[in-house]
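# Observations on the three-dimensional arrangement
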Amino acid sequence: MRAFREAVEAGDMDAVEALLAEDVVFTSPVVFKPYPGKAITAAILRAVSQVFEDFRYERELAGADGRDHALVFAARVGDRELSGCDFIHLDEAGLIDELTVMVRPLSAAQALAAAMGAQFDRIEKEAQARS
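What counts and what doesn't
Residues numbered from 1 in each chain as written. Predicted model: local features only at pLDDT ≥ 70, side-chain atom pairs only at ≥ 80, totals over all residues. Heavy atoms only, no water. 1 Å grid on protein atoms, 1.4 Å probe; cavity = no way out; pocket = protein on both sides within 12 Å on 5 of 7 lines; lining within 4 Å. Points joined across faces, edges and corners; volume = space filled by probe spheres on them. Helix = DSSP H or I, 4+ residues; strand = E, 2+ residues; numbered from the N terminus. Nonpolar A, V, L, I, M, F, W, Y, C, P; charged D, E, K, R; others polar. Expected span 1.5 Å × (residues − 1). Buried < 20%, exposed > 50% of the residue type's maximum accessible area, 1.4 Å probe, protein only. Arc of directions from axis to C-beta. Phe/Tyr/Trp six-rings, centres within 6.5 Å; stacked < 30°, edge-to-face > 60°. Core = buried A, V, L, I, M, F, W, Y, C linked by side-chain atoms within 4.5 Å. Contact = heavy atoms within 4.5 Å.

## Some remarks on the layout of surface pockets
Each pocket or cavity is described by its volume, and for the largest pocket that value is around 470 Å³. Forming the walls of the largest pocket are 29 residues, and the residues nearest its centre are Ile44, Leu45, Val48, Ser49 and Phe52. Of all the elements in the fold, those that place two or more residues in the lining of the largest pocket are helix H1 (2–10), helix H2 (13–18), helix H3 (38–51), strand S3 (53–62), strand S6 (96–104) and helix H4 (106–117). Looking at side-chain class alone, the lining of the largest pocket contains 22 nonpolar, four polar and three charged residues. What lines the second largest pocket is a set of 15 residues, and nearest its centre among them are Pro36, Ala39, Ile40, Ala127 and Ser131. Mapped by element, the contributors of at least two residues to the lining of the second largest pocket are strand S2 (35–36), H3 and helix H5 (120–130). Along the lines of polarity and charge, the residues of the lining of the second largest pocket split into six nonpolar, three polar and six charged.

## Notes on H4
In a regular helix each residue adds 1.5 Å, so twelve residues correspond to 16 Å; H4 covers 16 Å between its end C-alpha atoms and thus fits that length. Every buried residue belonging to H4 is among Ala108, Ala109, Leu112 and Met116, and all of these are buried. The arc enclosing the buried residues of H4, seen along the axis, measures out at 100°, which places them on a common side. Across H4 from its buried face, at more than 90 degrees, point the exposed residues Leu106 and Ala114.

## Remarks on the packing of aromatic side chains
A full pass over the atoms with the stated rule returns six aromatic pairs. Aromatic pair Tyr35 and Phe120: ring centres 5.6 Å apart, planes at 40°, arrangement tilted. Here the residue Tyr35 occupies a position in strand S2, and Phe120 occupies one in helix H5, the gap between them amounting to 85 residues. There is no split in this pair, since Tyr35 and Phe120 are both buried. With 5.2 Å between their ring centres and 35° between their planes, Phe55 and Phe73 make a pair best called tilted.

## Some thoughts on the nonpolar core
If you look at the biggest cluster of nonpolar residues, it comprises 40 residues, and the most contacted ones within it are Phe4, Ile44 and Ile96. In terms of residue count, the dominant contributor to this core is H3 (nine residues). Contact partners of Ile44, with chain neighbours within four places excluded, come to Phe26, Tyr35, Met116, Phe120 and Ile123.

## Here we look at the side chain of Gln119
Topologically, Gln119 is positioned in the loop between H4 and H5. The exposure class assigned to Gln119 is buried, which follows from its relative accessible area of 17%. Sequence-distant contacts of Gln119, defined by excluding residues within four places in its chain, comprise Ala47, Gln50 and Val51.

Nothing here speaks to function; it is geometry throughout.
Have a look at this one:
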């Protein structure tokens, strides 16, 4: 998904948010429940963009129908190197309606969970303000 990738790589989180469907569902690698809705998903992605260091996409895969995409990335959280993948599904209008993130190794996922947990009050407040 070129538009999402380019917006993330440019740090243009407003452009990322514009690509999200109102009913998008974000599934995080570090919590068991999905987060439904554009406001919370955008707030989480803004926070992640500040937590990840040296972020870069390395590969892009696309499904035959053009609605499923996988963006393989590498980044760092503190002193932990990680690799991961953004799994993206597009709705009929071409907006992201599902975004699932996977990361490895476990120590990096734990570092990510700690870094994001420290920001979650702010993330929830931002999401409420945007709703």
